[in-house]
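The residues making up each chain are set out below.
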Amino acid sequence: MSKDDDEEKTLDPSTEIERLTAQIRWNKRVIVAVLAISVICFSVLSSSAGYFYTQLKALNKTPASPLQLQLTRLDEDITSLRSYLNTESRAIAAYHLRINLLQQEYQAANSSQRIALFRSREADYQQLITEILSGSQELASMNTGSRRWLEAYEQRLQRLEASSKKRAQAWTDIP
């Protein structure tokens, strides 16, 4: 083949048109085949997706077995027990906090300085009752006929003094 032959082949428009027409026909057949295969693949995929979807719906609608129902109930019971445990734990923590506060208040109320103060006040109170009693006896001896009111008054003062001595004894029992 010479150079002139190549130029003639390329320059011949009728053969080139025939070659291009044949190529276009072949391309059309390939495109139609590819489209047909695509349509077939799409229909297979969509029908299998629909089938799997209906199968999944059917699985969801099946009644649960007795074992699954028991597991569900156990999960619910565990959840409620956890909630109850949390609530009770908070209540116990609040109770312990209150106990600690009460112990601190008790220790503050029963400190040695406060006990000494209460003991001294009780001694002062007993001395006051004794002074009132002796003053009342002197007053009754000054006035004739005053013995009757003095007896009732002495009984009350003696009861106050006795209760004061009991309190003083209770304060001496505390370390």
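Quick look at the structure, then. Not measured: the values here are computed from a predicted model.

**Concerning helix 4 (residues 112–142)**
The end-to-end C-alpha distance of helix 4 is 45 Å, a good match for the 45 Å that 31 residues give at a rise of 1.5 Å each. What helix 4 keeps buried is the set I115, E122, Q126, I129, L133, S136 and A140.

**Some thoughts on the pattern of salt bridges**
This model, assessed by the stated rule, comprises 2 salt bridges. Across the salt bridge formed by E16 and R19, the nearest N and O atoms sit 2.6 Å from each other. Pair noted here: E16 and R19 are both in helix 2 (residues 13–61), with a separation of 3 residues, about one helical turn. By relative accessible area, which is 47% here, R19 ends up partly exposed. Note that R167 is salt-bridged to E122, the shortest N-O span being 3.1 Å.

**Some points on a nonpolar patch on the surface**
The grouping of L128, I132, L139, M142, W149 and Y153 at the surface amounts to a nonpolar patch, some 570 Å² of accessible area in total. Those elements that provide at least two residues to the nonpolar patch are helix 4 and helix 5 (147–173). In terms of residues, the nonpolar patch owes the most to one element, helix 4, which gives 4 residues. Tracing the backbone shows L128 in helix 4. Residue classification places L128 among the partly exposed residues on the basis of a relative accessible area of 47%.

What counts as what
All chains use their own residue numbering, which begins from 1 and follows the written sequence. Totals for whole chains, interfaces and linings use every residue, but because this is a predicted model, local features are given only for residues with pLDDT of at least 70 and side-chain atom pairs only at 80 or more, for both listing and counting. Note that the side-chain values use all heavy atoms of the structure and ignore hydrogens as well as water. Where helices and strands are cited, they refer to DSSP runs of H or I of at least four residues and of E of at least two residues respectively, numbered from the N terminus. Helices are assigned an expected span. That span is 1.5 Å times one less than the residue count. Burial status follows relative accessibility: with a 1.4 Å probe on protein chains alone, a residue under 20% of its type maximum counts as buried, one over 50% as exposed, and anything between as partly exposed. For salt bridges, the criterion is a side-chain nitrogen of Lys or Arg within 4 Å of an Asp or Glu carboxyl oxygen. Residues with no salt bridge and a relative accessible area higher than 30% make up the patches, which join like charges within 9 Å and nonpolar side chains (Val, Leu, Ile, Met, Phe, Trp, Tyr) within 5 Å. In short, Shrake-Rupley with a 1.4 Å probe defines the accessible areas, and a residue's cover is counted only from the protein chains shown.

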